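Summary of structural features
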Amino acid sequence: MSLFSTTFQTIENGISYASQKQQTIAQNIANVDTPNYKSKTVSRTSEFRDLLHNELEAYRTDSKHIPFSGSPQRVITQQGNTSYQANGNNVDMDKEMADMAGNQIYYEALVDRLNGKFNSLQTVIRGGK
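All chains use their own residue numbering, which begins from 1 and follows the written sequence. Given that the model is predicted, a residue must reach a pLDDT of at least 70 before its local features are reported, and side-chain atom pairs must reach 80 or more before they are shown or counted; all residues, however, enter totals for whole chains, interfaces and linings. Only hydrogens and water are set aside; all other atoms, that is, all heavy atoms of the structure, feed into the side-chain values.

**Things to note about the confidence of the model for the protein**
When pLDDT is low, close inspection of the predicted coordinates is not appropriate. Operational definition: Values of pLDDT, which run from 0 to 100, indicate the predictor's confidence residue by residue. Comment: elements are numbered from the N terminus, with helices defined as DSSP H or I runs of at least four residues and strands as E runs of at least two.
On average, residues of the protein score 80 in pLDDT, and 76% of them are at 70 or above. At the level of individual helices and strands, the protein shows its lowest average pLDDT in helix H2 (residues 46–53), which scores 52, and its highest in helix H3 (residues 93–125), which scores 92.

**Points about H3**
What counts here: Every helix has an expected span of 1.5 Å times one less than the residues it contains. Note on contacts: a residue pair is in contact if any heavy atoms of the two residues lie within 4.5 Å.
Its 33 residues give H3 an end-to-end C-alpha distance of 47 Å, which sits within 8% of 48 Å, the value for a rise of 1.5 Å per residue. Tucked into the core, H3 has its buried residues touching helix H1 (7–30). Looking one or two residues beyond H3, the residue adopting positive phi is Gly127, at roughly 85°.

**Re the layout of surface pockets**
Under the convention used in this document: For each structure, a 1 Å grid was placed over the protein atoms alone; sets of points admitting a 1.4 Å probe that cannot get out are labelled cavities, open sets with protein on both sides within 12 Å along at least five of seven lines are labelled pockets, and lining residues have an atom within 4 Å of a point. Grid points are joined across faces, edges and corners, and a volume is the space filled by probe spheres set on the points. As a working rule, the residues Ala, Val, Leu, Ile, Met, Phe, Trp, Tyr, Cys and Pro are called nonpolar, Asp, Glu, Lys and Arg charged, and the rest polar, with Gly in that last group.
In this structure, the largest pocket spans a volume of roughly 180 Å³. Lining the largest pocket are 16 residues; nearest its centre among them are Ser39, Lys40, Gln79, Lys95 and Glu96. Elements supplying a minimum of two residues to the lining of the largest pocket: H1, strand E1 (40–44) and H3. Among the elements that line the lining of the largest pocket, the one with the most residues is H1, at four residues. Partitioned by chemical class, the residues of the lining of the largest pocket number three nonpolar, seven polar and six charged.

Written out as structure tokens, the structure is:
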């Protein structure tokens, strides 16, 4: 039996994704002048998108088996087929800054939702006061 819904786990996974994406964007920006550096990006696999709608559970052949859920996978890919600078670097600062702004909005929305869940729990603990 779960004490809480899977919302906390989903939000935690989203925050972890946003953190990893932020680190990848920061790495790209830091290497904007590094010769032959190829930008990287973080993407979620389809399992994560499915997890947002349905809980991913393992198949149990016996009721005594311990239930567990799968964790979403993230993939870091390198964009190696382009070059924006003469030194072979392909970091596009405008794209990186736009990605960073979008990721910040995503992160703040997740944190806001998490705060809302904690406020709801606090209200329940206090007896509705």
